[in-house]
Amino acid sequence: MTARPNIDMSLKHWTPICPLDDIVPDSGVCALAGGRQVAVFRVGAAQVFAIANHDPFSKANVLSRGITGDIKGELVVASPVYKQHFRLATGQCVEDESVSVESFAVRIRNGIVEVEA
Amino acid sequence: MSTQKIVVIGNGMVGQRFLEQLTSRLGSDQVEVTVFCEEPRAAYDRVQLTSFFAGKSAMDLSVVPERFFEDKAITLRLNDPVISIDRAKKTVRSARYREVPYDKLVLATGSYPFVPPIPGHDRRGCYVYRSIEDLEVIRAAAKKARIGTVVGGGLLGLEAAKALKDLGLETHVVEFAPRLMAVQLDETGGKLLQRKIEALGVTVHTSKSTKEIVNGEGHAHRMVFADGSALDTDLIVYSAGIRPHDALARASKITVGERGGISIDEYCRTSDPDIYAVGECALWNGRIFGLVAPGYQMAEIAARHVAGDGSLRFEGADMSTKLKLMGVDVASLGDAMGKTAGALDYVYTDPVQGIYKKLVVSADGKQLLGAILVGDATEYGGLLQMTLNAIPLPEHPEDLILPAREGASKGLGVDMLPAAALICSCNNVTKGGICDAVAAGCTTIGALKSTTKAGSSCGGCAPMVKQILESELRKQGVEVKNHICEHFPHSRQELFHLVRIGGLKTFGELLAKHGQGHGCDICKPAVASILASTWNEYVLKPKHAPLQDTNDRFLANMQKDGTYSIVPRVPGGEITPEKLIVLGAVAKKYNLYTKITGGQRIDLFGARVEQLPLIWRELVDAGFESGHAYGKALRTVKSCVGSTWCRYGVQDSVGMAIHLENRYRGLRSPHKLKMGVSGCTRECAEAQGKDVGVIATEKGWNLYVCGNGGIKPRHADLLANDLDDATLVKYIDRFLMFYIRTGDRLQRTSTWLDNLEGGIDYVKQVVCDDSLGIGAELEADMQKLVDTYECEWKNAINDPESLKRFRHFVNSDKPDSNVVFVAERGQIRPARDDEKDSEKEEALA
């Protein structure tokens, strides 16, 4: 169900990031994938999500350091700077739906988290 | 229309209220106002005069809004009493020979204390209790005295007795009547009050008529009583009632009453229609009203009348009172003595708790006429509303004063009150006014207080204000719930208890048992704080780390560009040259921007996340500890240099500050905590602007709490005086744990106190009198936290699991190319967008 808006698929490939165990449950890490800064989140035991690490409000690369959780059932991360929430599944901001950060496909293969970027 | 010239004589609370009422109706182009004031300062809260001895300054007591006289273009002549009125010429002449013409003149001259004309009443060492100047003189005299005696056991007399007690004197009260507060209380109530006050160490002598005052033996005075007994004392304070200040009116041939007081009509006009009188100098229908609320009513009526509005008339005032005398609640309302024909009493007494309550009801048992409450005045607000609004008594009137029966709701529902019901008589706020403010968006007690002023003076109506607030919110469909967020149907305080009582040690356990969903950035940090305040486990344990708020997560303060600042602890602001050099060397090595903080520490900015452990390794090796600048935790204990170096210091403030900082370092709380310790009353450490402020006295330490700087500065309130070191620490332990247990998320101590029912008096009872019986438990909880303290940074740099997270990329050692610095004034600063290298993404690829 991961959205991939307006991305030319031909340029993308799967980048292995780290073992799943290296991400503390219910937190995020920042990965370098295809030259991009990607925030990869682990929710619970084995759910993973990836969105851009760049926070459009503060213009700092910090979303991976935010607190994850849910608002009305939707999984989100709160920006550690000004606390706007971004949906983990789509990258869309909850407070201002006109703002989105890019989201990336992510999977776990043989215990390794991989991001398509 | 030409401007009206208004002269006001007297700038007490009522005179000031008149000015506010007048200038809210007429602009400075319509009136030209001159105010003469005998005292050297503008209006202050005489009702709270005693708190001057409890540490409030003359400034704290002021009731004049900032820049009031300037903004309203009012001429204020302090220290300049009016000595004559020329009614024919319509001018007044002041002591400094100023002649000022008036169109309308307002006498707000107040009253003076009655001194019984007994032989020896004017000896040296005999004082009255009326103005700040009186108090200053008494304070100076108390330094050389051991025994102090108050003449008069009424309301003011007992206030004065409290003041003498606060000054450390052996205190006596001499009352002519057979009981205390003879006007407001019946015999049973008066006797109970006496017993309670004597238990606090004040000796009460009733039915004593002083015959003369002569030289004492070993003490300055001997008071000789009509019954032949005598009392030796060092100083005497008269507080035996007031007399209206009507001399000026008398001299000007304005009608005064037989026993004093300037006669007024329903518009507060005297016998000269261009001259008004308001407050305690005025006599209406043969009565003087010696309370501030009726004075305020008169001020408004007179101001309206001057402005041409005759819609409001003075028709007498309710003389009900509720007050706390030396911690004892006393209230008297309506026909308390049952003077109405056929009146019946309901009486409840609890001799063990020391409670007496009496209801006076009409002969047919349908109407409440009056009441007396001693020891517990909780029902005052409801009962008062019942008498004022003639609300019929319930079927069992005794339920109104009996301890609540199982399941029965007691007292009076606020919904029964009409909108016109006066809730706060000090500030003339009606129920309707409160409802309007709630409708306009005030949803907390604090907001209501600052918007309507309800409950901000004597505080007697605060419980009722709270009930109205809750009822109105319910009606608006705002569910009155204090749930922390959608994941927990509980307040922070409830979560704290659930964690503590249930022995829950992780967010997961708490969520599984008492919550739902995944949690969020509201509840997670709040629970992390509760867990830390309760169990004090290392906050970066994998179970706790994802809960931590932005700054706690990396044990540093995130700045706008995603870099961090570092603040090592410098207890009390004392630092050796060696350590200063280390900070300088580290800053230089890692190219950090350095700045001195307001909390007497040094902040190092511009550290990238992966540099934090390297920097801290060096700092820890040099003996530094985490300063917790990143946490909702104790920040610093600021101090002045104290008696060690300072010529004025009376205690070692630095030593105490270091002791306190080392005791409470790392303490997690609902919000950040700041403390200060000053070595003398000059207060160079600005301790009264802190959550916990300690100020040295010659006898020990004064403890202040709930101060704040920042957006809404608030002076701290005095919690206790002249404490020794051990008691000081004990009280701070109790205070902090009580706040940590009951505070809301992100609620500083100042707002916590503003929203706490009972306010500072309640905190005093809990902390100093241990009224809840939890003192020992609070101390033990604090001691446990002190004993389990560990430096988080020392833990972090020695824990490989923690260290893994201190890198920008999980799969690369590269730094974040978005972090760019430029030079400014010899140091780094974050580059602005236009200064950043636009090719950063390419460089990474």
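The model shown is predicted, which means the values in this text are computed figures rather than measured ones. (Residues numbered from 1 in each chain as written. Chains lettered and ligands numbered in written order. Predicted model: local features only at pLDDT ≥ 70, side-chain atom pairs only at ≥ 80, totals over all residues. Heavy atoms only, no water.)

A.B. asks: So, the overall build of chain B: which residues are in play, and what are the values?
C.D. replies: When its secondary structure is counted, chain B shows 26 helices and 39 strands. By residue count, 53% of the 845 residues in chain B fall in the buried class. Partitioning the intrachain contacts of chain B with sequence separation of at least 6 by distance along the chain shows that 61% fall at a separation of at least 24. Accessible area for chain B stands at about 36,700 Å²; split by element, carbon and sulfur atoms hold 50% of it. (Helix = DSSP H or I, 4+ residues; strand = E, 2+ residues; numbered from the N terminus. Buried < 20%, exposed > 50% of the residue type's maximum accessible area, 1.4 Å probe, protein only. Contact = heavy atoms within 4.5 Å. Areas by Shrake-Rupley, 256 points an atom, 1.4 Å probe, with all protein chains shown as cover.)

A.B. asks: Give a description of the sheet that holds strand S30 (residues 564–566) of chain B that names residues and reports values.
C.D. replies: Residues and elements named next belong to chain B. Across the sheet, 4 strands lie side by side as S29-S30-S32-S31; this open sheet has antiparallel pairing. Single-partner strands in this sheet number two, and they are strand S29 (557–558) and strand S31 (593–596). Looking at chain direction, S31 and strand S32 (residues 602–607) are connected through 4 bridges and run antiparallel. Within S32, the position partnered with Thr594 by the bridge is Leu604. Of the strands in this sheet, S30 and S32 touch helix H18 (residues 612–621), which is tilted by about 5° from S30. (Pairing = 2+ DSSP bridges. Axes fitted to C-alpha atoms, helices over the stretch in contact; angles between N-to-C directions.)

A.B. asks: Got a sec to walk through the interface of chain A and chain B? Specific residues and values, please.
C.D. replies: Listed by partner, the interface residues are 37 residues for chain A and 39 residues for chain B. Here chain A packs against chain B, burying approximately 2,800 Å² in sum over the two surfaces, 51% of which is carbon and sulfur. Looking only at chain A, the three residues that lose the most surface to chain B are Leu32, Arg65 and Ile67 of chain A, adding up to 26% of its buried area. Between Asp833 of chain B and Lys59 of chain A there is a salt bridge, and its shortest N-O distance comes to 3.1 Å. Along the contact surface separating chain A from chain B lie 19 residue pairs in polar contact (both at pLDDT 80 or more). In terms of residue class, the side of chain A that touches chain B is built from 18 nonpolar, 11 polar and 8 charged. (Buried area = accessible area lost by both parts, 1.4 Å probe. Salt bridge = Lys/Arg side-chain N within 4 Å of Asp/Glu carboxyl O. Polar contact = N/O pair within 3.5 Å; in protein donor to acceptor, adjacent residues only side chain to side chain. Nonpolar A, V, L, I, M, F, W, Y, C, P; charged D, E, K, R; others polar.)

A.B. asks: I'd like to hear about the packing of aromatic side chains, residue by residue, with values.
C.D. replies: Residues and elements named next belong to chain B. Here the structure, examined in full by the defined rule, presents 15 aromatic pairs over all chains. Geometrically, the ring pair formed by Phe68 and Phe69 is edge-to-face, given 5.3 Å between the ring centres and 85° between the ring planes. For Phe68, a relative accessible area of 6% gives the class buried. We classify Phe69 as buried; its relative accessible area is 10%. Here Phe554 and Phe806 contribute two aromatic rings whose centre-to-centre distance is 5.5 Å and whose plane-to-plane angle is 80°, an arrangement assigned as edge-to-face. One end of the pair, Phe554, is in the loop between helix H16 (550–553) and S29; the other, Phe806, is in the loop between helix H25 (800–804) and strand S38 (821–824), and 252 residues separate them in sequence. Residue classification places Phe554 among the buried positions, given a relative accessible area of 6%. (Phe/Tyr/Trp six-rings, centres within 6.5 Å; stacked < 30°, edge-to-face > 60°.)

A.B. asks: Which residues make up the sheet that holds strand S18 (residues 262–263) of chain B, and what values go with them?
C.D. replies: Judged by pairing direction, the sheet is mixed, and its 3 strands sit side by side in the order S18-S20-S21 (chain B) without closing on themselves. Looking at which strands have only one partner, the edges of the open sheet turn out to be S18 and strand S21 (287–288) of chain B.

A.B. asks: Give me the confidence of the model for chain A: which residues, what numbers.
C.D. replies: Mean pLDDT over chain A: 90, with 91% of residues reaching 70 or higher. Least confident of the elements in chain A is strand S1 (residues 14–19) of chain A, whose mean pLDDT is 94; most confident is strand S7 (residues 85–87) of chain A, at 97. (pLDDT = per-residue confidence, 0-100.)

A.B. asks: Give a description of the pattern of salt bridges that names residues and reports values.
C.D. replies: Residue and element names in this part refer to chain B. In total, this model carries 56 salt bridges over all chains according to the counting rule given. A salt bridge links Asp265 to Arg269, with the shortest nitrogen-to-oxygen separation between them at 3.0 Å. In the salt-bridge network here, residues are joined through shared partners; they are Glu824, Arg825, Arg829, Arg832, Asp834 and Glu835.

A.B. asks: So what's going on with the environment of Asp603 of chain B? Which residues, and what values?
C.D. replies: Residue and element names in this part refer to chain B. Topologically, Asp603 is positioned in strand S32. Once the C-alpha coordinates of Asp603 and Val567 are considered, the two residues, 36 residues apart in sequence, prove to be 4.8 Å apart. Once you skip the residues sitting within four places of it in the chain, Asp603 turns out to touch Ser565, Ile566, Val567, Tyr593, Thr594, Lys595 and Thr597. At 3.1 Å, the side chain of Asp603 forms a polar contact with the side chain of Ser565.

A.B. asks: Before we move on, can you summarise the nonpolar core with the specific residues and values?
C.D. replies: Residues and elements named next belong to chain B. Membership of the largest hydrophobic core comes to 59 residues, with the highest contact counts inside it found for Tyr664, Leu703, Ile732 and Leu736. The greatest single-element share of this core, amounting to 10 residues, is contributed by helix H20 (residues 725–742). Discounting residues that sit within four places of it in the chain, Tyr664 has contacts with Leu634, Met675, Val729, Ile732, Asp733, Leu736 and Met782. Leu105, Ile254, Met298 and Ala302 belong to the second largest nonpolar core, which has 53 residues in total. (Core = buried A, V, L, I, M, F, W, Y, C linked by side-chain atoms within 4.5 Å.)

A.B. asks: Describe the confidence of the model for chain B, listing the residues and the values that go with them.
C.D. replies: In regions of low pLDDT, the predicted coordinates are not meant to be interpreted in detail. Residue and element names in this part refer to chain B. Chain-level statistics for chain B give a pLDDT mean of 90 and a share of 96% at 70 or above. Throughout residues 405–411 the model reports pLDDT below 50, and contacts reaching past four residues in sequence, or to other chains, amount to 9 contacts. Across residues 841–845, confidence stays below pLDDT 50; counting only partners more than four residues off in sequence or on other chains, it has 7 contacts. Reported confidence for the predicted complex is 0.90 by ipTM and 0.63 by pTM.

A.B. asks: A description of the pairing of strand S5 (residues 91–94) of chain B should follow, citing residues and the corresponding values.
C.D. replies: Each regular strand displays side chains that alternate between the two surfaces of the sheet. All names here are of chain B. With 4 bridges joining them, strand S4 (residues 82–86) and S5 adopt antiparallel strand pairing. Opposite Val82, over in S5, you have Ser94 as the bridge partner. As defined by bridge partners, S5 adjoins strand S6 (residues 99–101) across 3 bridges and the pair is classed as antiparallel. Note that in S6 the partner of Val92 across the bridge is Val100. Between S5 and S6, which pair antiparallel one after the other, the connecting turn spans 4 residues, and Tyr97 there sits at a positive phi close to 60°.

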